[in-house]
Amino acid sequence: MPKQTKIQEYLSQEELFARYRQAKDLSERGHWHIIWLLATPKTVKEVAAVTGFSPGWVREVARRYNASGPIRMEDKRKTLPGVKPLLTQELQNELDQAIQKSPPQGGQWNGPKVAKWIADKIGRKVCRQVGWAYLQKLDYTLQQPRPHHAKADPAAQIQFNKNCQSR
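Residues numbered from 1 in each chain as written. Predicted model: local features only at pLDDT ≥ 70, side-chain atom pairs only at ≥ 80, totals over all residues. Heavy atoms only, no water.

K.L.:
Even after reading the chapter, I still don't get the overall build of the protein, so can you show me in this structure?
P.N.:
Within the protein, the regular secondary structure consists of eight helices and zero strands. For the protein, the succession of helices and strands along the chain, N to C, is α-α-α-α-α-α-α-α. Projected onto its principal axes, the C-alpha coordinates of the protein cover approximately 90 × 55 × 25 Å. Scored against the burial criterion, the 167 residues of the protein give a buried share of 29%. (Helix = DSSP H or I, 4+ residues; strand = E, 2+ residues; numbered from the N terminus. Buried < 20%, exposed > 50% of the residue type's maximum accessible area, 1.4 Å probe, protein only.)

Right, dumping it as structure tokens:
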């Protein structure tokens, strides 16, 4: 017979079931489901088959629960601070002001030019994708007129537009 994983009795089976059913977060709900099933006489393999998690993950959730109790069943990913932004709010405002004017190299602002601007400000190399991401973050779009065909007849275009507007 397979070895049964022992679950610490922080909560009764009824309380475990209630927590499983009341969990709003899917990750947390899955964790409570695993613990509730392990609290009933089920093996890790059976719980893995029922929940769809791997046996290794079922054991990991059981270890966390046994070590710290119900507090470890929360999904901690929502409380992680995330990565610190590359530019402070002041530098973002400065970049926003800078892209209102022509870039020092001439032409239009693009990812590599913004990356160079950022690199000059923060003192380290920045890839062009980061420059493009900041342009998108600031809602910058390339504004340039569509090219005219070399053989276009301006008089025919005016006539065409007049005919289209009268309909």
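K.L.:
Sorry if this is basic, but what is going on with the pattern of salt bridges here?
P.N.:
For side chains bearing opposite charge, pairing can occur when the charged atoms are close. Scanning all chains against the criterion turns up five salt bridges. As a salt-bridge pair, Glu 9 and Lys 6 come within 4.0 Å of each other at their nearest N and O atoms. Across the pair, Lys 6 and Glu 9 agree in class, each one exposed. Between Lys 121 and Glu 94 there is a salt bridge; the shortest N-O distance is 2.6 Å. Here Lys 121 is found in helix α6 (residues 111–122), whereas its partner Glu 94 is found in helix α5 (residues 89–98), with 27 residues between them in sequence. A relative accessible area of 40% places Lys 121 in the partly exposed class. A cluster of three or more residues bridged by salt bridges with shared partners is formed by Glu 60, Arg 63 and Arg 64. (Salt bridge = Lys/Arg side-chain N within 4 Å of Asp/Glu carboxyl O.)

K.L.:
Before we go on, may I ask you to explain the side chain of Lys 113 in this structure?
P.N.:
Residue placement: Lys 113 occurs in helix α6. Comment: no salt bridge for buried Lys 113; closest opposite-charge side chain is Asp 120, at 13 Å. (Lys, Arg positive; Asp, Glu negative; His and termini not counted.)

K.L.:
Even after reading the chapter, I still don't get the packing of aromatic side chains, so can you show me in this structure?
P.N.:
Here a ring pair, both rings aromatic, is described through the centre-centre distance and the interplanar angle of the planes. On inspection of all chains with the given rule, the structure shows five aromatic pairs. Between Trp 32 and Tyr 65, the ring centres sit 6.2 Å apart and the planes meet at 75 degrees, which makes this aromatic pair edge-to-face. Placement of Trp 32 in helix α2 (residues 26–39) and of Tyr 65 in helix α4 (residues 55–68) is noted, with a sequence separation of 33 residues between them. By relative accessible area, Trp 32 is classed as buried at 2%. The exposure class assigned to Tyr 65 is buried, which follows from its relative accessible area of 0%. Put simply, the rings of Tyr 10, Trp 32 and Tyr 65 pair up and form one aromatic cluster. (Phe/Tyr/Trp six-rings, centres within 6.5 Å; stacked < 30°, edge-to-face > 60°.)

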